[in-house]
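Structural overview for review
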Amino acid sequence: MVFKTLLRNIKMNTNGWLFISLIGVAVILLPVFSIFVSLFAEPNENWEHIKQYMLTNYILQSVGLMLFTGILTVMIGVTLAWLIAAYDFPLKRFFHWALVLPLSIPPYIAAYTYSAMLSYTGVVQTALRSTFGFTPDQKWFDIMSFPGAVFIFTLFLYPYVYMLTRSFLERQSGSYVENAILLGRKPVSIFFRIVLPISQPAIIGSLMLVIFEVISDYGVTSYFGIQTISTAIFQTWFGMYDVDTALRLSAWMMAGVLGLFLIERMLRYNRKYSASTSKSSQLVPKRLKGFSSFAALFFCGAVFACSFLIPVIQLIVWSYWTYEDVLTVAFFELTINTLFVAAIATGMIMFLAVVVANVARLQPNRFGTVLSKLMVSGYSLPGAIIAIGVLTFFIALDERMEFVYLLFGYEDAPLLLSMSLVMLIVAYVVRFMATGYNAVEAGFEKVGMVYTHASRTLGYGITRTFFKVDLFLIKGALMGGTILTFVEIIKELPMALLLRPFNFETLSTKTYQYASDERVIEAAIPSLFIITVSVISVLLFHQLGKKMEK
Amino acid sequence: MSFVNIQEVSYTYTSKQPPILNKVTFSIDQGEIVGILGPSGSGKSTLLRLIAGLGTPDRGMISIADQVVVDGQTFVAPEDRGVGMVFQDYALFPHLNVEKNIEFGLHRMSRTERKARLDEMIELVQLQEFRKRYPHELSGGQQQRVALARALAPKPSLLLMDEPFSNLDTELRSSIRDELSAILRKAKMTCLLVTHDYQDVKAICNSEITL
């Protein structure tokens, strides 16, 4: 009887949707799996060398970057969030959304731009020399250093902290803050004794996003010559063509990521208090006057100028200088390349996201939960790890497929798959599945099950119900997810560098190439293109967020 | 044999809680209108969902028109059970107008049959002037009638109604109650109606079950 019931349950839930979902999850888990398998192979000399002399340094540099960037982004992000949420001052409505804009500038582009601006021939030093006749010490402007990297990461990643903390404060903190005021607390004391502790979950959540961006980074650190685990993975692969060692480094890094997750969990579960009132209460902003109003305006303005306005203006000027050389047929081609790859990967992501999210919601049991957790797991893996995992998998696959290739008349067993775009697309799918999936899942959650149930009782199966009902209801979420995913892919650098086929350039790899050839100025146009597309998505996201809050 | 048979049906939401339905057994004859009464949280709606196939009981058997739709080894998908349902908040598809909503379940009919059935249903629930309106352009009572027409249109062998009056104000409630009673009897429907209001049962049902 138990067996028959089990059989019934399996039959009940087995359909095309489930099969596609299982394939989707397999793709997502593929890089992790191939890295895990590689650990059983004998380590080679390179690895022994790295382990003995360099690994400690890589780890220290990576941890250092995460630590300092983490502290600074929280300081700036939370301060801005509190200013915007709790006070009224001139231009506040503008800063409310404008302070999110730096997210649209990928840190590697910011790094190239700032280092060129601050170089001997850059605008800052030239102006000092020609206007004031003053030649400053080069050391003052050495941004290509560890503190320089922290500066860049902080300026361009703080919006994560700002965005999440601000929306939390705006919606949740009203009654606590009002009570504190009634109890006679001064603003500074309210900030440290109320605001910081209650927004802890939002801060920790956004801090994790910042930290994942930092460990995943390759563009900034490699350009500034900082040795992190990510750059080491690249060097062992690009410099020594030693995939085994790259895999071992990836395994170490993965252990680190896992550790971070555990720490986040602990921080979440260790909270000794939770909201005493479930009712959300809006914070009513207080009007600032005189000096404090000016100070708030100045602070927001300074952050906005450094993290968006100045680099963008500089890029526009450079674009004007170089457009005749850069805007060629080749540039047009690589733009098409970029859009093409991004469109294919986004299409696959959204397709799998919709299928899996639908399966997960139709099976509100442990299976469904595990399915959706696995689907989004790729986002926490740094690009370098995914790239190496995908690479080893496809090389192994090509070796296995040798006889098939021979059968079709290819000689010398070519590396068909590992030389093609397939690898890069798979890597994008793994890394950015979470972006699309979360959007679709949120859409389904908002709609609920009732329309689906109504359609089922009116005689439609799962698939027809999806096309006749569900699809219309999640249209908005689907669109938002598509745009966000598309933009993330266009911005991505490390995986594109590692996995693109020979002679295939995207906007981001071209930007990187210009920069590493000391032709930063020519990188301005591809950079601006990436930034423009991202700004559109950031604004859209902001708009969507506002709608959701309503 | 009765038309609908519910035998020892049990259902638990999570293993930590006691079962919300514990060995529920009853039967309904053809053409009978049965009211299920009980306070909120007593599992009334859950029972309807299990009969419709929107959930699977832990234990027990349900048969409709001599066909077992669920037991230890069988599960008939909701779309194949021939059961119509009126949901508590009506669940009218927001992207379809009144006509399209009512027509939704008629996909197995030919075009002419479909048109005839649609006209018939619209006349039954008196919504001739509202055919092209969208759900958000209708009052609560009108929405309820659309939901009823939509559920009845495919000629289900059994109609399930989950708190059909809960979204209506008191004045509307009594007039719609009488209207519904007339419509159901006219259509000779076998019907299971969930409510927490005894007045509903008194006005519409032949018999009642308390959970």
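Source: prediction; values computed, not measured.

Criteria and thresholds
Residues numbered from 1 in each chain as written. Chains lettered and ligands numbered in written order. Predicted model: local features only at pLDDT ≥ 70, side-chain atom pairs only at ≥ 80, totals over all residues. Heavy atoms only, no water. Helix = DSSP H or I, 4+ residues; strand = E, 2+ residues; numbered from the N terminus. Pairing = 2+ DSSP bridges. Axes fitted to C-alpha atoms, helices over the stretch in contact; angles between N-to-C directions. Phe/Tyr/Trp six-rings, centres within 6.5 Å; stacked < 30°, edge-to-face > 60°. Buried < 20%, exposed > 50% of the residue type's maximum accessible area, 1.4 Å probe, protein only. Lys NZ or Arg CZ within 6 Å of the ring centre and 35° of its normal. Contact = heavy atoms within 4.5 Å. Salt bridge = Lys/Arg side-chain N within 4 Å of Asp/Glu carboxyl O. Polar contact = N/O pair within 3.5 Å; in protein donor to acceptor, adjacent residues only side chain to side chain. Nonpolar A, V, L, I, M, F, W, Y, C, P; charged D, E, K, R; others polar. UniProt positions renumbered as here; feature names shortened; annotations may be inferred. pLDDT = per-residue confidence, 0-100.

A separate point is unusual backbone geometry. With a phi close to 70°, Leu91(A) is a non-glycine residue in the positive phi region. Among the secondary structure elements, Leu91(A) is positioned in the loop between strand 1 (87-88) and helix 4 (92-98).

All names here are of chain B. Overall, antiparallel pairing links the four strands, which are arranged 2-1-4-5 in an open sheet. Of all strands in the sheet, those with a lone pairing partner are strand 2 (21-28) and strand 5 (67-70), marking the two edges. In this sheet, neighbouring strand axes are inclined to one another by 25° on average, regardless of whether the strands run parallel or antiparallel. Sheet topology note: the strand 1 (residues 4-11)/strand 4 (residues 59-64) ladder contains five bridges and is antiparallel. What sits directly across from Asn 5, in strand 4, is Ser 63.

A separate point is the packing of aromatic side chains. Residues and elements named next belong to chain A. Enumeration over the complete set of coordinates arrives at 27 aromatic pairs over all chains. Between the aromatic rings of Tyr 112 and Tyr 223, the centroid separation amounts to 4.7 Å while the plane-to-plane angle is 70°, which identifies the pairing as edge-to-face. Remark: Tyr 223 occurs in helix 11 (residues 219-224) and Tyr 112 occurs in helix 5 (residues 107-117); sequence separation between them is 111 residues. As far as the burial class goes, Tyr 112 and Tyr 223 line up, both buried. Note on Phe 393 and Phe 394: the rings are 5.5 Å apart at their centroids and 85° apart in plane angle, and the pair reads as edge-to-face. The rings of Phe 94, Phe 95, Trp 97, Phe 304 and Phe 308 are connected pair by pair, giving a single aromatic cluster. Sitting over the face of the ring of Tyr 120, Arg 129 holds its NZ or CZ atom 3.9 Å from the ring centroid. Directly above the ring of Tyr 379 sits Arg 431, whose terminal nitrogen or CZ lies 5.3 Å from the centroid.

This next bit is on the interface of chain B and chain A. The partner chain A presents 22 residues to the 30 residues of chain B that form the contact. Between chain B and chain A we count one salt bridge in total. One salt bridge connects Arg456(A) with Glu79(B), and the closest N-O pair in it is separated by 2.7 Å. Here chain B and chain A share eight residue pairs in polar contact (both at pLDDT 80 or more) between them. At the level of secondary structure, the elements contributing two or more residues to the side of chain B that touches chain A comprise helix 1 (44-52), strand 6 (83-86) and helix 4 (140-152) of chain B. Residues that form the side of chain B that touches chain A fall into these classes: 17 nonpolar, seven polar and six charged.

Those residues carrying the UniProt feature "domain: ABC transporter" (unreviewed entry) are residues 4-211 of chain B in this numbering. For residues 4-211 of chain B, the end-to-end C-alpha separation is 17 Å, with 32% helix and 24% strand making up the annotated structure.

Below, the discussion takes up the confidence of the model for chain A. Taken as a whole, chain A shows an average pLDDT of 86; of its residues, 95% reach a score of 70 or greater. Confidence, read as mean pLDDT per element, is least for helix 18 (residues 402-407) of chain A in chain A (74) and greatest for helix 20 (residues 450-457) of chain A (93).

UniProt records the feature "domain: ABC transmembrane type-1" (unreviewed entry) at residues 59-262 and 335-541 of chain A, using the numbering of this structure. Taken as a whole, residues 59-262 of chain A contains 77% helix and 1% strand, while its terminal C-alpha atoms sit 18 Å from one another.

Let's shift gears to the pattern of salt bridges. Pairs can form between side chains of opposite charge whenever their charged atoms are close. Applying the stated criterion to the full structure yields 15 salt bridges over all chains. As a salt-bridge pair, Arg166(A) and Glu170(A) come within 3.8 Å of each other at their nearest N and O atoms. Linking Arg166(A) with Glu170(A), this pair stays in helix 7 (residues 146-172), spanning four residues, or about one helical turn. When its relative accessible area of 18% is taken as the criterion, Glu170(A) is described as buried. One salt bridge connects Arg177(B) with Asp197(B), and the closest N-O pair in it is separated by 3.6 Å. Residue Arg177(B) is located in helix 5 (residues 170-186), and its partner Asp197(B) is located in the loop between strand 8 (191-195) and helix 6 (198-204); the two are separated by 20 residues in the primary sequence. Judged on exposure class, the residue Arg177(B) and its partner Asp197(B) are both buried.

What follows is about helix 12 (residues 229-239) of chain A. Residues and elements named next belong to chain A. Taken across its 11 residues, helix 12 has eight buried, putting it largely inside the fold. Taken as a whole, helix 12 has its buried residues at Ile 229, Ser 230, Thr 231, Ala 232, Ile 233, Phe 234, Thr 236 and Trp 237. Of the residues flanking the end of helix 12, it is Tyr 241, one or two places downstream, whose phi is positive at about 50°.

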